[in-house]
Amino acid sequence: MATVDIRDVRKNFGSTAILHGVNVDIADGEFVVLVGPSGCGKSTLLRMIAGLENISGGEVSIGGRVVNDVPPKDRDIAMVFQNYALYPHMTVRDNMAFSMKLAKAPAEVMENEVKRAARILGLEALLDRYPRQLSGGQRQRVAMGRAIVRHPQVFLFDEPLSNLDAKLRVQMRAEIKDLHQRLKTTTIYVTHDQIEAMTMADKIVVMHGGHVEQIGAPLELYDRPANVFVAGFIGSPAMNLLPGVVQGGAFQPDGGGPAWPLPPDARASEGQRATYGFRPEHLSLLGEGIPVAVTLIEPTGSETQVSGRAGGASVTGAFRERITARVGETIHVMPDPALAHLFHGETGQRLNAA
Amino acid sequence: MSASSPSAPRGQDLPPATNWRRPQINQGWLARLLDSKTFLIIACLTPALGLLMVFLTYPLGLGIWLAFTDTHIGRGGVFVGFENFESLWYDWVFWGAVFYTVFYTTVATVLKFGLGLWLALLLNENVPFKSLLRAIILLPWIVPTVLSAIAFWWMFDAQFSIISYILVDVLGWRDTYIDFLGTPWHARWSLVFANVWRGIPFVAISLLAGLQTISPSLYEAALLDGASSWQRFTRITAPLLMPILAVVLTFSVLFTFTDFQLVYAITRGGPINSTHLMATLAFQRGIPGGQLGEGAAIAVSMIPFLILATLFSYFALARRKWQQGEAND
Ligand SMILES: Nc1ncnc2c1ncn2[C@@H]1O[C@H](COP(=O)(O)OP(=O)(O)O)[C@@H](O)[C@H]1O
Ligand SMILES: [Mg+2]
């Protein structure tokens, strides 16, 4: 187990800069999720930690030791690849024992370690199978087993669940989390799925275009997104983000229509351009509220999502109560101002005090 | 789900729908015939079977029949049973050809695979000018065999050989020109060399294709597992390359064993029959020598060797256990 420090790390592929100075501190035993849209450089950062890509600038240290020039095998990390990268010509047992075999571990040790990992992962019955004879979830587990037997200081996962179907993904999510609880090994987990990030992480690092947008605990990011990007990326259904101006103590969206109440802690001057944000679940039905012409109703059972137009703005609400309105009719809604967000019109930075 | 929703209810300004339906088409007899499976099977198989009969089975059958007759060119023969084979049994030229064919095949195959694998591994790395290198490596293969044979013939010439010129006149390592094709062992090795030069591209390019099917993430996983580059080769590359290696090996052995052009163009089997392959000897006896029956018998005696090579490939190619089931990535 170890801390991982990422100091102003940069990456260029030829003349293209992919990472522009990334800083992340990871505590011992922490489960950190790197999340961001596809192509933002998450895998690249992970592979730099693993030693599979060289580091163009900055420093990566594991357990206090700078590893920039340490070869991958000596970094004491284990990685689970998106395609699992199981050796197709080796049985499950040999896949898991491969690293020990290379290190010339005694046979009893190998047998023990493989048995232990197999027990943890429920793979005991599959030890003599080849990867091709396994289902997706089983392959995923073997890949984790291969990592476990090495007792690394850091586990690295690169989108390990993206090849699984939705149901299995939920199950494996819980299993990985459970594994972390038991082994308490520092874990860095890459995903583009914000739900995975929210449900698994102790700490989330939101990345976008080679920059870190925000680092924080899942609910911190949900409650106080630092900028428009994080606000729109975290949460499903996504936050309503209306462009407009601050006018007469309220928010006036572009395209006309009724004004919206500013959050009490908003620090904005009169006439300033801003983006007004509120989550669909923080919208409630209110008789004298803002009228919304309904364009779409999506009941999911536990809640109903309603999309519509309030003047020039399109908004979405998620309501626990049953909605009787139909498409074309008008409902009246009001966001909770205390839970609304205001972002700077140009920089996109958060304008709320807290 | 997202915050942006359609700007206006759709479907208001669409043109009215027509009530056009796809009409039922009445098929003619031809269309129905072409839809019949039995007809299609017969229609598609007949030409293929016909071609096979005419161009494969008939010549092969005729060759085998000739081997049991005493046919000469210009004179039909009669069935003589195993007489041709009996005379071959006591024919040291024939046994010399058998020896040289086996020698030629074995040595050339080993060299082709050693060097071909090495080249393939090299080309699979990130070397500069990769595509240019690949094109250059393919060159020996696309030059017509007879052309390259003539080029080698010049290179191996007793007086004009560029190899001798370089060794004697440029580097000064030797005093005399080498008589490449004049003495049996020199000639044998020279031909093996020419065959290797010609055969490497096929091996290298096929193995390169095999190497490129191996997922790079396997090497990365092995790297993290602590494998050195030699271990990555022996534990990952070699076993995963084995299936395609077996195919390429079989083809290479078959092609080398039945080689004719190179040897016939460079030495015609000489000096003193030392470089006859079974194929060149069969031709020599059958066509210029006129003894079709005996030539055919030599050709037929290649068959057991070829069957052996095919059997090898059959067993080597049998899908390994780990190859069964769905792909990993
Ligand atoms: N070997 C490479 N050469 C050039 N560009 C690369 C290479 N690997 C990744 N990139 C680029 O770097 C960016 C980030 O890639 P990646 O880290 O894989 O993103 P993701 O966040 O989806 O995992 C992408 O724009 C990708 O095209
Ligand atoms: Mg990625």
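Numbering of residues begins from 1 in every chain and follows the order in which that chain's sequence is written. The order in which chains are written sets their letters, starting at A; the order in which ligands are written sets their numbers, starting at 1. Whole-chain, interface and lining totals are the exception, using all residues; otherwise, since this is a predicted model, local features are given only for residues with pLDDT of at least 70 and side-chain atom pairs are given and counted only at 80 or more. As a rule here, side-chain values cover all heavy atoms of the structure and leave hydrogens and water aside.

Undergrad: Outline the site of ligand 1, listing residues and values.
TA: Residues and elements named next belong to chain A. Lining the immediate environment of ligand 1, one finds Phe-13, Ile-18, Ser-38, Gly-39, Cys-40, Gly-41, Lys-42, Ser-43 and Thr-44. Any pair of nitrogen or oxygen atoms within 3.5 Å is treated as a polar contact; in protein, a donor-acceptor pairing is required on top of that, and neighbouring residues in sequence qualify only through side-chain atoms on both sides. Here an oxygen atom of ligand 1 and a backbone polar atom of Gly-41 are 3.0 Å apart. Here an oxygen atom of ligand 1 sits 2.5 Å away from a polar atom, N or O, in the side chain of Thr-44. Here the Shrake-Rupley method, with its probe set to 1.4 Å, supplies the accessible areas, and only the displayed protein chains count as covering residues. Taking 560 Å² as the accessible area of ligand 1 by itself, protein coverage stands at 56%. A per-element tally of the shell around ligand 1 places helix α1 (residues 42–50) first, with 3 residues. Here a residue counts as near a molecule or strand whenever at least one of its heavy atoms sits within 4 Å of it. Every helix listed is a DSSP run of H or I at least four residues long, and every strand listed is a run of E at least two residues long, numbered separately from the N terminus.

Undergrad: So what's going on with the interface of chain A and chain B? Which residues, and what values?
TA: How big an interface is tends to be expressed through the accessible area that disappears when the partners come together. Opposite the 41 residues of chain A that make contact, chain B presents 32 residues. Roughly 3300 Å² is buried in total at the junction of chain A and chain B, and carbon and sulfur atoms are behind 57% of that figure. Defined in terms of a 1.4 Å probe, buried area is the accessible area two parts forfeit on being brought together, summed over both. Looking only at chain A, the three residues that lose the most surface to chain B are His-89, Leu-102 and Arg-132 of chain A, adding up to 21% of its buried area. Salt bridges are identified by distance alone: a Lys or Arg side-chain nitrogen within 4 Å of an Asp or Glu carboxyl oxygen. Close ionic contact of Asp-225 of chain B with Arg-150 of chain A constitutes a salt bridge, the shortest N to O distance being 3.3 Å. At the boundary of chain A with chain B, the tally comes to 8 residue pairs in polar contact (both at pLDDT 80 or more). Elements represented by at least two residues in the side of chain A that touches chain B include exactly α1, β6 (77–80), α2 (92–102), α4 (136–148), β15 (283–299), β16 (304–310) and β17 (313–319) of chain A. Classification convention: Asp, Glu, Lys, Arg as charged; Ala, Val, Leu, Ile, Met, Phe, Trp, Tyr, Cys, Pro as nonpolar; all other residues, Gly among them, as polar. In terms of residue class, the side of chain A that touches chain B is made up of 20 nonpolar, 12 polar and 9 charged. A contact between two residues is defined here by any heavy atoms of the two lying within 4.5 Å.

Undergrad: Before we move on, can you summarise the packing of aromatic side chains with the specific residues and values?
TA: Two aromatic rings, taken as a pair, are described by how far apart their centres are and by the angle between their planes. Only Phe, Tyr and Trp rings take part, Trp by its six-membered ring, and two of them pair if their centres are within 6.5 Å. Stacked means planes under 30 degrees apart, edge-to-face means over 60, and tilted covers everything else. Overall, the coordinates contain 34 aromatic pairs over all chains when judged by the stated rule. In this structure an aromatic cluster arises from ring pairing among Phe-99, Tyr-100, Phe-103, Tyr-104, Trp-185 and Trp-189 of chain B. The ring of Tyr-222 of chain A carries Arg-279 of chain A above its face, with NZ or CZ at 4.0 Å from the centroid. The lysine or arginine in question, Arg-188 of chain B, covers the ring of Trp-185 of chain B, its NZ or CZ lying 4.5 Å from the ring centre. To sit over a ring, a charge needs its Lys NZ or Arg CZ within 6 Å of the ring centre and within 35 degrees of the ring normal.

Undergrad: Tell me about the sheet that holds strand β9 (residues 203–208) of chain A, and name the residues and values.
TA: All names here are of chain A. When DSSP finds two or more bridges between a pair of strands, those strands are recorded as paired. Across the sheet, 6 strands lie side by side as β6-β7-β8-β3-β9-β10; this open sheet has mixed pairing. A single partner strand is all that each edge strand has here, and the edge strands are β6 and β10 (211–216). Put simply, the sheet's adjacent strands are angled 15° from each other on average, direction ignored. Bridge count between strand β3 (residues 31–35) and β9: 4 bridges; the pairing is parallel. Residue pairing in the sheet places Val-32 in a bridge with Lys-203 of β9. Helix axes are fitted to C-alpha atoms over the stretch in contact, other axes to C-alpha atoms as well, and angles between N-to-C directions run from 0 to 180 degrees.

Undergrad: Let's hear about the confidence of the model for chain B: which residues, and what values?
TA: All names here are of chain B. Across chain B, pLDDT averages 84, with 94% of residues at or above 70. By mean pLDDT, helix α14 (residues 303–317) is the weakest element of chain B at 81, and helix α9 (residues 216–224) is the strongest at 93. Known as pLDDT, the predictor's per-residue confidence is scaled from 0 to 100. Contacts of residues 1–9 to residues separated by more than four positions or lying in other chains number 22 contacts, the stretch itself having pLDDT below 50. Interface confidence for the predicted complex, given as ipTM, is 0.85, next to a pTM of 0.80.

Undergrad: Quick one: what's the story with the environment of Asp-254 of chain A, residue by residue and with numbers?
TA: All names here are of chain A. Note on placement: Asp-254 falls in the loop between β12 (250–253) and β13 (260–261). Considering only alpha carbons, one finds Asp-254 and Leu-342, 88 residues apart in sequence, at a separation of 15 Å. When residues no more than four places from it in sequence are discounted, the contact partners of Asp-254 are Pro-243, Gly-244, Arg-273 and Gly-312.

Undergrad: So what's going on with the pattern of salt bridges? Which residues, and what values?
TA: Per the counting criterion, the structure on display carries 19 salt bridges over all chains. Between Arg-93 of chain A and Asp-128 of chain A there is a salt bridge whose closest N-O contact spans 3.3 Å. A residue pair is termed long-range when its members are at least 10 positions apart, and Arg-93 of chain A in helix α2 and Asp-128 of chain A in the loop between α3 (107–121) and α4 qualify at 35 residues. What makes Arg-93 of chain A partly exposed here is its relative accessible area of 23%. For Asp-254 of chain A, the salt bridge goes to Arg-273 of chain A, with nearest N and O atoms at 2.9 Å. Of this pair, Asp-254 of chain A sits in the loop between β12 and β13 while Arg-273 of chain A is found in strand β14 (residues 273–278), placing the two residues 19 residues apart along the sequence. The buried label goes to any residue with under 20% of its type's maximum accessible area, the exposed label to any with over 50%, and the partly exposed label to all in between, with areas taken from a 1.4 Å probe on protein chains only. By relative accessible area, Asp-254 of chain A is classed as partly exposed at 33%. Residue classification places Arg-273 of chain A among the partly exposed positions, given a relative accessible area of 36%. One continuous salt-bridge network, built from bridges that share partners, spans Lys-11, Arg-47 and Glu-53 of chain A together with Glu-220 of chain B.

Undergrad: An account of the nonpolar core is requested, with residue identities and associated values reported.
TA: Among the buried residues, those of types Ala, Val, Leu, Ile, Met, Phe, Trp, Tyr and Cys that are joined through side-chain atoms within 4.5 Å form a nonpolar core. Ranked by internal contacts, the top residues of the largest apolar core, which has 81 residues, are Leu-156 and Ile-188 of chain A together with Ile-236 of chain B. For this core, the element with the most residues is helix α8 (residues 184–212) of chain B, which contributes 11 residues. Counting 44 residues, the second-largest nonpolar core is a separate cluster that includes Tyr-84, Val-92, Ala-118 and Tyr-222 of chain A.

Undergrad: So, the sheet that holds strand β19 (residues 341–344) of chain A: which residues are in play, and what are the values?
TA: All names here are of chain A. If you trace the 5 strands from one edge of the open sheet to the other, you get β13-β12-β11-β14-β19, paired in antiparallel fashion. Edge strands, defined here as strands with exactly one partner in the open sheet, are β13 and β19. The pairing of strand β11 (residues 240–247) with β14 spans 6 bridges and is classified as antiparallel. Residue pairing across strands places Gly-244 opposite Ala-274, the latter belonging to β14.

Undergrad: Tell me what's going on with the packing of α8 of chain B against helix α10 (residues 229–257) of chain B, and back it up with residues and numbers.
TA: Residues and elements named next belong to chain B. Relative orientation of the contacting elements α8 and α10 amounts to 150°, with a least axis distance of 10 Å. Between α8 and α10, the angle falls in the class roughly antiparallel. Seen from above, α8 lies across α10 with right-handed handedness. Across from Asn-195, Phe-202, Val-203, Ser-206, Leu-207, Gly-210 and Leu-211 in α8, the residues of α10 making contact are Thr-237, Leu-241, Ile-244, Leu-245, Val-248, Phe-251, Ser-252 and Thr-256. Here the residues of the contact of α8 with α10 are counted per class, giving 9 nonpolar, 6 polar and no charged. Angles are sorted into four bins: roughly parallel if under 35 degrees, roughly antiparallel if over 145, roughly perpendicular if 65 to 115, and oblique for all others. Should the near helix be turned counterclockwise from the far one by less than a right angle, the crossing is left-handed, whereas a clockwise turn marks it as right-handed.

Undergrad: Give a detailed account of the UniProt feature "domain: ABC transporter" (unreviewed entry) in chain A, specifying residues and quantitative values.
TA: UniProt positions are given in the numbering used here, feature names are shortened, and annotations may be inferred rather than shown by experiment. UniProt feature "domain: ABC transporter" (unreviewed entry): in the numbering of this structure it lies at residues 4–234 of chain A. A distance of 25 Å separates the end C-alpha atoms of residues 4–234 of chain A, which is 37% helix and 26% strand.

Undergrad: Quick rundown of the packing of α3 of chain A against α4 of chain A? Include the residues and the values.
TA: Residues and elements named next belong to chain A. α4 packs onto α3 with a crossing angle of 135° between their chain directions and a minimal axis gap of 9 Å. Our classification of the angle between α3 and α4 gives oblique. Remark: the crossing between α3 and α4 carries right-handed chirality. Touching Arg-116, Ala-117, Ile-120 and Leu-121 of α3 are Arg-141, Met-144, Gly-145 and Ile-148, all from α4. The residue inventory of the contact of α3 with α4, partitioned by class, reads 5 nonpolar, 1 polar and 2 charged.

Undergrad: With reference to specific residues and values, describe a nonpolar patch on the surface.
TA: Residue and element names in this part refer to chain B. A cluster of nonpolar side chains, namely Leu-60, Ile-64, Ile-303, Ile-307, Leu-311, Tyr-314 and Phe-315, defines an oily patch on the protein surface of about 710 Å² accessible area. At the level of secondary structure, the elements contributing two or more residues to the nonpolar patch comprise α2 (37–67) and α14. Among the structural elements, Phe-315 can be located in helix α14. By relative accessible area, Phe-315 is classed as exposed at 60%. Patch membership needs two things, relative accessible area over 30% and no salt bridge, and members are linked within 9 Å if like-charged or within 5 Å if nonpolar (Val, Leu, Ile, Met, Phe, Trp, Tyr).

Undergrad: Any details on the domain arrangement of chain A? Residues and values, ideally.
TA: Residues and elements named next belong to chain A. Domain annotation of chain A identifies domain 1 (4–229) and domain 2 (238–344). An automatic or database domain assignment is the source of the domain bounds shown. Between the C-alpha centres of domain 1 and domain 2 there is a distance of 39 Å. Contact with domain 1, which involves 7 residues of that partner, is made by 7 residues of domain 2. Buried surface at the junction of domain 1 and domain 2, summed over both partners, amounts to about 540 Å²; 62% is from carbon and sulfur atoms. For domain 1, the biggest contributors to the area lost against domain 2 are Tyr-222, Pro-225 and Val-228; these three give 86% of the whole. On the surface where domain 1 and domain 2 come into contact, there are 0 salt bridges. Here domain 1 is connected to domain 2 by 2 residue pairs in polar contact (both at pLDDT 80 or more). Looking at the side of domain 1 that touches domain 2 element by element, the count peaks at 3 residues for helix α7 (residues 218–223). Partitioning the side of domain 1 that touches domain 2 into residue classes produces 5 nonpolar, 1 polar and 1 charged.

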